[in-house]
Structures are given as C-alpha cells and as structure tokens.
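# Reading the structure
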Amino acid sequence: MPKKHGKVKLELAATKKRAEEAKLAALEDERRAAKEAAEREAIETSTKAASQVAAKEATGHHIDASLGILNGSKTDGQLSGNIFKATENALKLEQERLQKYKEFEEKTWALGLSYNKDFQRHEQQFARRIRQISGTK
C-alpha cells in the first residue's frame, strides 16, 4: 500500500508541474500576442503619419491635428510640432526601409540570374543527350 501511495503522489506532482508549465506557456503566448499587436498598431500609426506627411508635401496642405494623440495639457502649437516631428521620423524610417528593400531585391535578382545561368548549361546538356539517345534532331 505505501508504494501505491507514493506513486500517486509522484503522479500528482507531475500533473501539477505540467499544469504550471501549461499556464506559463499560455501566459507567454498572451504576452507575445500582445506585443505583436502593439507593434502592428505602432507600424500602422507610423505608416498613417508618413502618408499624411507625404500628402501634405504633395498638396501643400497642413496636417490635421487629430491623430488620436490629443492631450488636454498641450497647446495646439506643441501638439502640431510633436506630430510633425513624429511624421517626419516615420517618413524617414519608411524611406530607409524601402532603400534596404530595393538593395536586397537587387542582390537577390543578381543571384537569381547567375543561378539560372548555371543550370541553363546543364539543361542544354540534358536536352542534347536526350535527343542523341532518342535519335531525333
């Protein structure tokens, strides 16, 4: 009987440990999801701000001061200055991202062409040998 009682305790402890691990994993998943959602929202906000700055530069109109950042303690001048700085920074970051993407795309394209050239030679050899074996020209 005592052996069975000890075995039950061990199984109970293992079950508790698995339950705690599952809770920790669930909490970590929630944190990760919340962090990703916050990052997506920040990217969305910066993209909207950058598009507004681009629209302002294209049309010459003033930015609307209602980006959802309004705070009663700041004056309109401070608020519009902060919004303008934020949109400039967002636009600058977006331009840097686009530049990096273009450089990456050019490198990838150059590698792709050499990759195709390497295999084109082998493809021609295979076709030549198949024609030779089948007796067609």
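Residues numbered from 1 in each chain as written. Predicted model: local features only at pLDDT ≥ 70, side-chain atom pairs only at ≥ 80, totals over all residues. Heavy atoms only, no water.

### With respect to the overall build of the protein chain
For clarity, the threshold we go by: Helix and strand definitions follow DSSP, with helices as H or I runs of at least four residues and strands as E runs of at least two, each counted in order from the N terminus. Per-residue accessibility, obtained with a 1.4 Å probe over protein chains only, is compared with the maximum for each type, and a residue is labelled buried under 20%, exposed over 50%, and partly exposed between these values. Here, Shrake-Rupley sampling with a 1.4 Å probe gives the accessible areas, and only protein chains in the shown set may cover a residue.
The secondary structure content of the protein chain amounts to 2 helices and 0 strands. When the 137 residues of the protein chain are sorted by exposure, 7% land in the buried category. Surface exposure of the protein chain reaches about 12400 Å², of which carbon and sulfur atoms provide 58%.

### Some thoughts on the side chain of Thr87
The test is simple: We call two N or O atoms a polar contact when they sit within 3.5 Å, provided that within protein one can donate a hydrogen and the other can accept it, with sequence-adjacent residues counted only if both atoms are side-chain atoms.
Tracing the chain through its elements places Thr87 in helix 2 (residues 76-134). Classification of Thr87 as buried rests on a relative accessible area of 0%. At a separation of 2.8 Å, a polar atom in the side chain of Thr87 contacts the main-chain carbonyl oxygen of Phe84.

### Things to note about the confidence of the model for the protein chain
Going by this rule: Known as pLDDT, the predictor's per-residue confidence is scaled from 0 to 100. Whether two residues touch is decided by their heavy atoms; if any such pair falls within 4.5 Å, the residues are in contact.
Counting all residues, the mean pLDDT for the protein chain is 77, and 73% of those residues have values of 70 or more. Here residues 61-72 scores under 50 on pLDDT; set against residues more than four positions off or in separate chains, the count is 14 contacts.

### Regarding the environment of Ile83
With respect to the element layout, Ile83 can be found in helix 2. For Ile83, a relative accessible area of 4% gives the class buried. Separated by 34 residues in the primary sequence, Ile83 and Ala49 place their C-alpha atoms 8.2 Å from one another.

### Concerning the pattern of salt bridges
The following threshold applies: By definition, a salt bridge exists where a carboxyl oxygen of Asp or Glu is found within 4 Å of a side-chain nitrogen of Lys or Arg.
Applying the stated rule across the entire model yields 3 salt bridges. Across the pair Arg31 and Glu28 runs a salt bridge whose closest N-O atoms are separated by 3.5 Å. One end of the pair, Arg31, and the other, Glu28, are both in helix 1 (residues 2-59), 3 residues apart, so they sit about a helical turn from each other. With a relative accessible area of 54%, Arg31 lands in the exposed category.

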